[in-house]
Amino acid sequence: MSHASRVSRAPTAVFWLATLLGLFAIPLSLAKNHSPAQPANSTPPLRIPSDVAWTQETLTIISSGDSFRGLLLARRCNHCHGEEGFSSVPAYPNLAGLDRLSFWKQVEDFRSGKRISPIMQTIAEGLAARDSADLAAYYALLPTASDPLENRAFPQPMQDPSRATIAIRLIVFGDGQRGIPPCQSCHGPVSYVKGAPRLDVQNGTYLAEQLDHFSNGSRTNDINVRMRSIAIQLTAEEKTALSECYGAGLGPGANSR
Ligand code: HEC
Ligand code: HEC
């Protein structure tokens, strides 16, 4: 009797096990279908890209930065980022004119380890949230006009000016076939999305490195996979063209210097 009832229970257990597995399989397959191809409205990536969210509280902290205090704190940064926010090393980013939100987010991401850089992670650990807001306020105010007296890497002439056409097309029109929106729709001057820095006063060598980091997955702090999904689709030639074109300042002097 007891033997018989045990046998009859066995299929029930199997049934429940199968049902449970089935239930787990559904969300898994959904997640797979959605992953990196459709960044804008897809399910969140498995690894959270950043601890920063654009909440009212965050925006208030950032907007309350004190630029004078930032000026004093910036002494720690001048050595690499330049006294006027323009670096003399082309692989180091310029900070002059960087909008406050982008600046603050990057420092937070270095601090939390969401963006990897042995140099900057150590530096960010030594800054309080208030300090980065003050620094952000200061650097956002620095003028971006060129100063021939200062030793800065920016702008650099394009190695091959004929590549400017490739770059300008992507910057102005993007590529609808590959679902690449125009760079200028997020990075300005047409419009800016929160946390997207301007690129037209940035060092080309630095930009090229960042595009590589996004496409090879070593930089993953972009919310909603915005930059990874774009960078992974760019060819090596396009990445070079874009970096050099921005690094030349996009201006009329870009090709002739
Ligand atoms: C020893 C050199 C060095 C010093 C000093 C330094 N930085 Fe940096 N910083 C770097 C490098 C290199 C990077 C690029 C990191 C990477 O490879 O992604 C960087 C990146 C950044 C970025 C990201 C810029 C962007 O466009 O995404 C910010 C913001 C920044 N630094 C702020 C600061 C501040 C603020 C200080 C001073 C408190 C500072 N840095 C001091 C070398 C330095
Ligand atoms: C849909 C909006 C969007 C578009 C379109 C876009 N970007 Fe971005 N990009 C961003 C955001 C947002 C960030 C900041 C990511 C983060 O939070 O670290 C970024 C960051 C970058 C960075 C890193 C800059 C730095 O200072 O570290 C580079 C380089 C870059 N984008 C290049 C490009 C290029 C080139 C194009 C056009 C082919 C482009 N982006 C198109 C949103 C966009």
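Residues numbered from 1 in each chain as written. Chains lettered and ligands numbered in written order. Predicted model: local features only at pLDDT ≥ 70, side-chain atom pairs only at ≥ 80, totals over all residues. Heavy atoms only, no water.

S.K.: Give me the lowdown on the site of ligand 1, citing residues and values where you can.
M.R.: Around ligand 1 there are 20 residues in total, and Cys77, Cys80, His81, Arg115 and Met120 lie nearest to it. Here an oxygen atom of ligand 1 sits 3.1 Å away from a polar atom, N or O, in the side chain of Tyr206. Contacts to ligand 1 include Gln210, whose side-chain N or O atom sits 3.3 Å from an oxygen atom. For the shell around ligand 1, the secondary-structure elements that each account for two or more residues are helix 4 (78–81), helix 5 (100–112), helix 6 (118–125) and helix 10 (204–215). The biggest single contributor to the shell around ligand 1 is helix 5, with 4 residues. (Near = heavy atom within 4 Å. Polar contact = N/O pair within 3.5 Å; in protein donor to acceptor, adjacent residues only side chain to side chain. Helix = DSSP H or I, 4+ residues; strand = E, 2+ residues; numbered from the N terminus.)

S.K.: Kindly report on the coordination of the iron atom of ligand 1, identifying the contributing residues and their values.
M.R.: Each protein donor to the iron atom of ligand 1 is listed here as His81 (NE2) and Met120 (SD); together their distances run 2.0 to 2.3 Å. What the 6 donor atoms of the iron atom of ligand 1 show is an angle range of 84 to 178° at the metal, which sorts the shape as octahedral. Highlighted residues: His81 in helix 4 and Met120 in helix 6, separated in sequence by 39 residues. Judged by relative accessible area, His81 falls into the buried class, the value being 11%. (Donors = N, O, S within 2.8 Å, 3.2 Å for Na, K, Ca; no water. Tetrahedral: all angles 85-135°; square planar, octahedral: opposite > 155°, others 65-115°. Buried < 20%, exposed > 50% of the residue type's maximum accessible area, 1.4 Å probe, protein only.)

S.K.: How would you summarise the coordination of the iron atom of ligand 2 if you had to cite specific residues and measurements?
M.R.: Taken together, His187 (NE2) and Met227 (SD) make up the full set of protein donors to the iron atom of ligand 2, lying 2.0 to 2.2 Å away. Taken together, the 6 donor atoms coordinating the iron atom of ligand 2 and their angles of 87 to 179° define a geometry best described as octahedral. Residue His187 is located in helix 9 (residues 184–187), and its partner Met227 is located in helix 11 (residues 226–231); the two are separated by 40 residues in the primary sequence. Comparing His187 with Met227, the two get one shared label, buried.

S.K.: Go over the site of ligand 2 with me, naming the residues and quoting the values.
M.R.: Among the 24 residues in the neighbourhood of ligand 2, the closest are listed as Lys105, Cys183, Cys186, His187 and Met227. Residue Tyr206 places a side-chain N or O atom 2.8 Å away from an oxygen atom belonging to ligand 2. A distance of 3.2 Å separates an oxygen atom of ligand 2 from a polar side-chain atom of Asn221. Among the residues making up the shell around ligand 2, the classes are represented as 15 nonpolar, 5 polar and 4 charged. (Nonpolar A, V, L, I, M, F, W, Y, C, P; charged D, E, K, R; others polar.)

S.K.: Now, about the packing of helix 8 (residues 164–172) against helix 12 (residues 236–247): what can you tell me, with residues and values included?
M.R.: At a minimum axis separation of 8 Å, helix 8 and helix 12 run at an interaxial angle of 85°. It follows from the interaxial angle that helix 8 and helix 12 lie roughly perpendicular. Contacts from Ile166, Ala167, Ile168, Leu170 and Ile171 of helix 8 reach helix 12 at Glu237, Glu238, Ala241, Leu242, Cys245 and Tyr246. Partitioned by chemical class, the residues of the contact of helix 8 with helix 12 number 9 nonpolar, no polar and 2 charged. (Axes fitted to C-alpha atoms, helices over the stretch in contact; angles between N-to-C directions. Parallel < 35°, antiparallel > 145°, perpendicular 65-115°, else oblique. Contact = heavy atoms within 4.5 Å.)

S.K.: How would you summarise the pattern of salt bridges if you had to cite specific residues and measurements?
M.R.: When the charged atoms of two side chains lie near each other, side chains of opposite charge can form a pair. Enumeration according to the criterion identifies 13 salt bridges in this entry. Arg152 is the partner of Glu84 in a salt bridge, and the nearest nitrogen-oxygen pair spans 3.0 Å. With Glu84 in the loop between helix 4 and helix 5 and Arg152 in the loop between helix 7 (129–141) and helix 8, the pair connects residues that are 68 residues apart, well separated along the chain. The class of Glu84 is partly exposed, set by a relative accessible area of 32%. A salt bridge links Arg111 to Glu108; its shortest N-O distance comes to 2.3 Å. In this pair, Arg111 and Glu108 are both assigned in helix 5, 3 residues apart and thus about one turn of the helix distant. According to the relative accessible area criterion, Arg111 is partly exposed, its value standing at 25%. (Salt bridge = Lys/Arg side-chain N within 4 Å of Asp/Glu carboxyl O.)

S.K.: Please set out the environment of Asp134 residue by residue, giving values where relevant.
M.R.: Inspection of the secondary structure puts Asp134 in helix 7. Take Asp134: its relative accessible area is 0%, and that puts it in the buried class. When residues no more than four places from it in sequence are discounted, the contact partners of Asp134 are Gly65, Asp66, Ser67, Arg69, Gly70 and Leu73. Polar side-chain contacts of Asp134 include one of 2.8 Å to the backbone nitrogen of Asp66. Within the local environment of Asp134, its side chain forms a polar contact with the side chain of Arg69, the two groups lying 2.4 Å apart.

These values are about where atoms sit, not about what they do.
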